[in-house]
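Residues per chain are reported as follows:
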Amino acid sequence: MMPNFQYLLARNSKYLLLVMSLLSGCAVGPDYHPATTPVSASAPFVAADTAATTRGAVVERWWELYGDPVLDREVAVALAANTDLRVAAARVDRARALLRGARSERLPTTALGASAQRERFSSAQLGAGQQRQTWSYDGGLTLSYEVDLFGRVSRGIEAAHGDAAATQADADAVRVAVVADTVRAYLDITASAERLKVAQDTVALLDKSVRITGARFDVGRSDRLDVIRVQALRDQQAAAIPQLTADRQSALLRLATLTGRTPQDLPADLATRDVTPHPAQPIPVGDGAALLANRPDVRAAERRLAADTARIGVATAQLYPHISLGASGGSTALSGMNVLGGESTRWSVGPLISWTFPNTAAVRAQIAAARADSAASLARFDGTVLTALEEAERALSTYAQLRTRIDTLQRARDEAGRAARITLARQREGRIDFLTVLDAQRTQANAESELVAARRDAAFAQVDLFRALGGGWRADTVPPGA
């Protein structure tokens, strides 16, 4: 009877699972050990000893250090709607699906089949009294399981887990880039507005000089050359306004793309932002150890090294037999009424060993290729660590030097402004010529322009520093059920 077969299959399956558990767990190939980094890589940064930075822990939501609600809003929109993040999320989903597929190889496979056929036999095939046309019925269930004796499946799962974790780290790197680019675009909007305002104020000041010089020319106290010179300086400063306006518009359009909007959908308040925010406290930068833990590209390189190390075991397992344990049972009958009868049932249980040899040259070539891939991944990991340290140190140095430059330019701007006021007063008293006044005004305009440009560069350097530090993203694990 069929119920008897089900009992038999269940009882033998229990023994099969016991054998599987005894034979599984021996994995060939090297076990992965986390890659080591130089001791000095975890040390404090060389360029961190400045008043603008602190060795405190890196802030995860670093953009909130600016204390700008509009900036916080734009970053939130970018994290929710940026198209690059959507692509990264899809890649993570794909990697997790492949991981689930690799884990499914640990499970037994089952097959259920049934058929009914109408057959006609040749007279030469039949004995006396047998019918030439008849029905035949067949149905059965097959259960098979690959015993992972040499770790092909377990190493494959290790490799898939490493790939999934690396893909997640890649997605974290995209988040870091999107946030940094969004903050940079916002700062470009405000900095361009500041530069535009300085240029407009300078032109307004020179317009006043043009009027004064023209009035002096009209009463014979100045010559025509003075008028031409001040007008030329005014036009030179005014020529910068269209480019600054275009720079600001480009920054607005870039922010629209980063936040998943069309230009028409940008909030109106962005067009009115004209003050560049700055962190109200020194920037926390941590140390080398925190950097290597935070940087998504370092974590991605380490996980890919783990995956490639596991693939050596996958290739090595091909040198050994593949052992499958299986059981099958069913019923074959010439009458539908006899399908469930005891005489029609059939079953089988036992191991199947498959071993491809002696042609192992191809497999050994695959092992050598896997070892070469692992060696390349190790080199990439080492290179990524060095690049991370280089970028962080360079960003720290650049930011520190720009802060020093701003302080110097601010003093120069103040001194140029004072000199311009003194020369103008002396020119009214007739003590100096107009050429000296013009030179002082030109110096003041250039000093003001260089100062706002340096502030813009410093704002960008802040973003580059946060980006180099990894942005605090730590979503480096793959959920166990992925």
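As the structure is a computational prediction, the values presented were derived from the model and not from experiment.

Calculation criteria
- Residues numbered from 1 in each chain as written.
- Predicted model: local features only at pLDDT ≥ 70, side-chain atom pairs only at ≥ 80, totals over all residues.
- Heavy atoms only, no water.
- Helix = DSSP H or I, 4+ residues; strand = E, 2+ residues; numbered from the N terminus.
- Buried < 20%, exposed > 50% of the residue type's maximum accessible area, 1.4 Å probe, protein only.
- Contact = heavy atoms within 4.5 Å.
- Areas by Shrake-Rupley, 256 points an atom, 1.4 Å probe, with all protein chains shown as cover.
- Phe/Tyr/Trp six-rings, centres within 6.5 Å; stacked < 30°, edge-to-face > 60°.
- Core = buried A, V, L, I, M, F, W, Y, C linked by side-chain atoms within 4.5 Å.
- Axes fitted to C-alpha atoms, helices over the stretch in contact; angles between N-to-C directions.
- Parallel < 35°, antiparallel > 145°, perpendicular 65-115°, else oblique.
- Nonpolar A, V, L, I, M, F, W, Y, C, P; charged D, E, K, R; others polar.
- pLDDT = per-residue confidence, 0-100.
- Expected span 1.5 Å × (residues − 1).
- Salt bridge = Lys/Arg side-chain N within 4 Å of Asp/Glu carboxyl O.

### Some points on the overall build of the chain
Part 1 of the argument: Within the chain, the secondary structure is distributed over ten helices and six strands.
Part 2 of the argument: The 482 residues of the chain split such that 41% are buried.
Part 3 of the argument: In the chain, the proportion of contacts linking residues at least 24 apart, taken out of those at least 6 apart, comes to 85%.
Part 4 of the argument: If you sum the accessible surface of the chain, you get close to 25,400 Å²; carbon and sulfur atoms cover 56% of it.

### Quick notes on the packing of aromatic side chains
Part 1 of the argument: Under the criterion given, the structure shown has three aromatic pairs.
Part 2 of the argument: Where tryptophan 62 meets tryptophan 63, the ring centres are 6.0 Å apart and the plane angle is 80°; that geometry is what we call edge-to-face.
Part 3 of the argument: Relative accessible area serves as the criterion here: at 2%, tryptophan 62 is assigned to the buried category.
Part 4 of the argument: Seen from their ring centres, phenylalanine 150 and tyrosine 320 are 4.6 Å apart, and the 20° between their planes marks the pair as stacked. Highlighted residues: phenylalanine 150 in the loop between β3 (133-147) and α4 (152-218) and tyrosine 320 in the loop between α8 (296-316) and β5 (322-333), separated in sequence by 170 residues.
Part 5 of the argument: Put simply, the rings of Trp62, Trp63 and Phe466 touch in pairs and so form one group of aromatic residues.

### Regarding the nonpolar core
Part 1 of the argument: Core analysis: the biggest nonpolar cluster contains 55 residues, and Trp62 and Val183 have the highest contact counts within it.
Part 2 of the argument: For this core, the secondary-structure elements that each account for two or more residues are α2 (69-81), α4, α6 (240-258), α7 (288-294), α8, α9 (361-428) and α10 (434-468).
Part 3 of the argument: The dominant element in this core, judged by the number of residues it contributes, is α9, at eleven residues.
Part 4 of the argument: Here tryptophan 62 is in contact with Val179, Ala180, Val183, Val463, Phe466 and Gly471, once residues within four sequence places are set aside.
Part 5 of the argument: Grouped together as the second largest cluster of nonpolar side chains are eight residues, Val147, Leu149, Phe150 and Ala317 included.

### Considering the environment of alanine 159
Part 1 of the argument: Secondary-structure assignment places alanine 159 in helix α4.
Part 2 of the argument: You can call alanine 159 buried: its relative accessible area is 3%.
Part 3 of the argument: Separated by 150 residues in sequence, alanine 159 and threonine 309 place their C-alpha atoms 7.7 Å apart.
Part 4 of the argument: For alanine 159, the contacting residues outside a window of four places in its chain are Ala307, Ala310 and Arg311.

### Description of the packing of helix α5 (residues 224-238) against α10
The relative placement of two packed helices comes down to the angle between their axes together with the axis-to-axis distance.
Part 1 of the argument: Where α5 meets α10, the axes come as close as 10 Å, and the angle between the chain directions of the two elements is 5°. When the axis of α5 is compared with that of α10, the two are roughly parallel. Within the contact between the two elements, α5 uses Asp226, Arg229, Val230, Leu233 and Gln237 and α10 uses Phe434, Leu435, Leu438, Gln441, Arg442, Ala445 and Asn446.
Part 2 of the argument: When grouped by side-chain class, the residues that make up the contact of α5 with α10 number six nonpolar, three polar and three charged.

### Quick look at the environment of arginine 456
Part 1 of the argument: Here arginine 456 shows up in helix α10.
Part 2 of the argument: As a C-alpha pair, arginine 456 and glutamate 194 span 262 residues in sequence and 9.1 Å in three-dimensional space.
Part 3 of the argument: What arginine 456 contacts, discounting residues up to four positions off in sequence, is Asp188, Ala191 and Arg195.

### A few points about the side chain of aspartate 68
Part 1 of the argument: For aspartate 68, the location among the structural elements is in the loop between β1 (53-54) and α2.
Part 2 of the argument: Setting aside its immediate chain neighbours within four residues, aspartate 68 contacts Tyr186, Arg273 and Pro277.

### Observations concerning the packing of helix α3 (residues 83-104) against α4
Part 1 of the argument: Remark: α3 packs on α4, axes separated minimally by 9 Å, with the N-to-C direction vectors making an angle of 170°. Here α4 runs roughly antiparallel to α3, going by the angle between their axes.
Part 2 of the argument: Within the contact of α3 with α4, the residues separate by chemical class into 14 nonpolar, four polar and six charged.

### Quick look at the environment of valine 275
Part 1 of the argument: Residue position: valine 275 is located in the loop between α6 and β4 (283-284).
Part 2 of the argument: Along the sequence, valine 275 and leucine 187 sit 88 residues apart, while their C-alpha atoms lie 8.9 Å from each other.
Part 3 of the argument: Non-local contacts of valine 275, meaning those with residues more than four positions away in its chain, are made with Thr190 and Glu194.

### Points about the confidence of the model for the chain
Part 1 of the argument: Chain-level statistics for the chain give a pLDDT mean of 85 and a share of 86% at 70 or above.
Part 2 of the argument: Averaged pLDDT values over the elements of the chain bottom out at 48 in helix α1 (residues 2-23) and peak at 96 in α8.
Part 3 of the argument: Overall, residues 1-10 carries pLDDT values under 50, and its contacts beyond four positions in sequence, including any with other chains, amount to 15 contacts.

### Describing α8
Part 1 of the argument: The end-to-end C-alpha separation of α8 is 31 Å, in line with the 30 Å expected for 21 residues at 1.5 Å each.
Part 2 of the argument: A large share of α8 lies buried, amounting to 16 of its 21 residues.

### Concerning α4
Part 1 of the argument: The end-to-end C-alpha distance of α4 is 96 Å, a good match for the 99 Å that 67 residues give at a rise of 1.5 Å each.
Part 2 of the argument: Immediately downstream of α4, the backbone of glycine 220 shows phi near 80°, a positive value.

### Comments concerning the pattern of salt bridges
Part 1 of the argument: With the rule as written, the count across this model stands at 28 salt bridges.
Part 2 of the argument: For aspartate 297, the salt bridge is made with arginine 295, and the minimal N-O distance between the two is 2.8 Å.
Part 3 of the argument: Residue classification places aspartate 297 among the partly exposed residues on the basis of a relative accessible area of 28%.
Part 4 of the argument: Classification of arginine 295 by relative accessible area gives buried; the value is 5%.
Part 5 of the argument: Across the pair glutamate 302 and arginine 303 runs a salt bridge, and its minimum N-O distance is 2.8 Å.
Part 6 of the argument: Put simply, Arg73, Glu74, Arg261 and Asp269 are held in one network by salt bridges that share partners.

### Observations concerning the side chain of serine 192
Part 1 of the argument: One can find serine 192 in helix α4.
Part 2 of the argument: Serine 192 sits in the buried class, given a relative accessible area of 1%.
Part 3 of the argument: When neighbours within four sequence positions are excluded, serine 192 is seen to be in contact with Leu244, Asp247 and Arg248.

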